[in-house]
Amino acid sequence: TVCVCASNLALLTPVQEALLSFLFPFVWQGCYIPVLPLSMIEFLEAPVPLLVGISDEYLHRTLPKDRPRSVVFVHLDENKVFFENS
């Protein structure tokens, strides 16, 4: 699962569409959720491949040890990638 995070939600969809275009000639077969509301954050723990966009508020209020281990977080505002509770 890849989770793209930003404070500006309008950036999430274009960035994720760009990521998907890099897969060409392949096609993303997993679930694609351009903007996931924080009230539905449990979807990150689904046992399926996901490409998800969320507000960076989640990264600020959730400790790294409490985030799902199988999710790679890409923080657009800070140009950082977090994986495996790093």
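The following refers to the structure shown. (Residues numbered from 1 in each chain as written. Predicted model: local features only at pLDDT ≥ 70, side-chain atom pairs only at ≥ 80, totals over all residues. Heavy atoms only, no water.)

## Side note on the overall build of the chain
Just so we agree on the cut-off: The helix count covers DSSP runs of H or I at least four residues long, the strand count covers runs of E at least two residues long, and both are numbered beginning at the N terminus. Both definitions apply: the radius of gyration is a C-alpha atom measure, and the globule rule equals 2.2 Å times residues to the power 0.38. Only protein chains enter the accessibility calculation, which uses a 1.4 Å probe; a residue whose area is less than 20% of its type maximum is buried, one above 50% is exposed, and one in between is partly exposed. A contact between two residues is defined here by any heavy atoms of the two lying within 4.5 Å. Residue-level accessible areas treat just the shown protein chains as cover; the underlying method is Shrake-Rupley with a 1.4 Å probe. Neither His nor the chain ends is counted toward charge; the positive residues are Lys and Arg and the negative residues Asp and Glu. By convention, charge coordinates are those of NZ in Lys, CZ in Arg, CG in Asp, or CD in Glu.
When helices and strands are counted, the chain shows two helices and five strands. Start at the N end of the chain and walk to the C end: the helices and strands fall as β-α-β-β-α-β-β. In summary, the chain has a C-alpha radius of gyration of 12 Å against a globular reference of 12 Å for 86 residues, a match within 12%. By its C-alpha atoms, the chain is 35 × 25 × 25 Å across when sized along the principal axes. Taking all 86 residues of the chain together, the buried fraction comes to 33%. Across the chain, every contact between residues at least 6 apart in sequence was considered, and the portion connecting residues at least 24 apart equals 41%. With the model as given, the accessible surface of the chain reaches about 5400 Å², and the carbon-plus-sulfur share is 64%. Averaging the positions of the 5 positive and the 9 negative side-chain charges in the chain gives two centres separated by 8 Å.

## Some points on the sheet that holds strand S5 (residues 80–82)
Strand-to-strand pairing in sheets goes through backbone hydrogen bonds, with the strands running parallel or antiparallel. For clarity, the cut-off: At least two bridges found by DSSP between two strands is the condition for calling them paired. Every axis corresponds to a line fitted to the C-alpha atoms, with the helix fit spanning only the stretch in contact, and the corresponding angles, defined between N-to-C directions, vary from 0 to 180 degrees.
With respect to topology, five strands assemble into an open sheet ordered S2-S3-S1-S4-S5, the strand pairing being mixed. In the strand order of this sheet, the two ends are held by strand S2 (31–33) and S5, each with one partner. Shown here is a sheet whose adjacent strand axes are inclined to one another by a mean of 20 degrees, direction ignored. Here strand S1 (residues 2–6) pairs with strand S3 (residues 50–55) via five bridges, running parallel. Directly across from Val2, in S3, lies its bridge partner Leu51.

## With respect to unusual backbone geometry
The omega angle of the peptide bond from Phe24 to Pro25 is 15 degrees, so this bond is cis rather than trans. Take Pro25: it is sitting in the loop between helix H1 (12–22) and S2. Its identity as a non-glycine residue notwithstanding, Asn79 has a phi of 55 degrees, on the positive side.

## Digging into the pattern of salt bridges
To keep it simple, the criterion reads: Salt bridges are identified by distance alone: a Lys or Arg side-chain nitrogen within 4 Å of an Asp or Glu carboxyl oxygen.
A complete count under the given rule lists three salt bridges for this structure. The shortest N-O distance in the salt bridge between Arg61 and Glu57 comes to 3.5 Å. Highlighted residues: Arg61 and Glu57, both in helix H2 (residues 57–61), separated by four residues, approximately one helical turn. Overall, Arg61 belongs to the exposed group, its relative accessible area being 52%.

## Looking at H1
Defined as follows: Think of it as the arc spanned by the lines of direction from the helix axis to the C-beta atoms.
For H1, every residue scored as buried is listed here: Leu12, Gln16 and Leu20. One face of H1 carries all of its buried residues, which in axial projection span an arc of 65 degrees. Contact partners of the buried residues in H1: S1, S2 and S3.

Keep in mind these values describe shape, not function.
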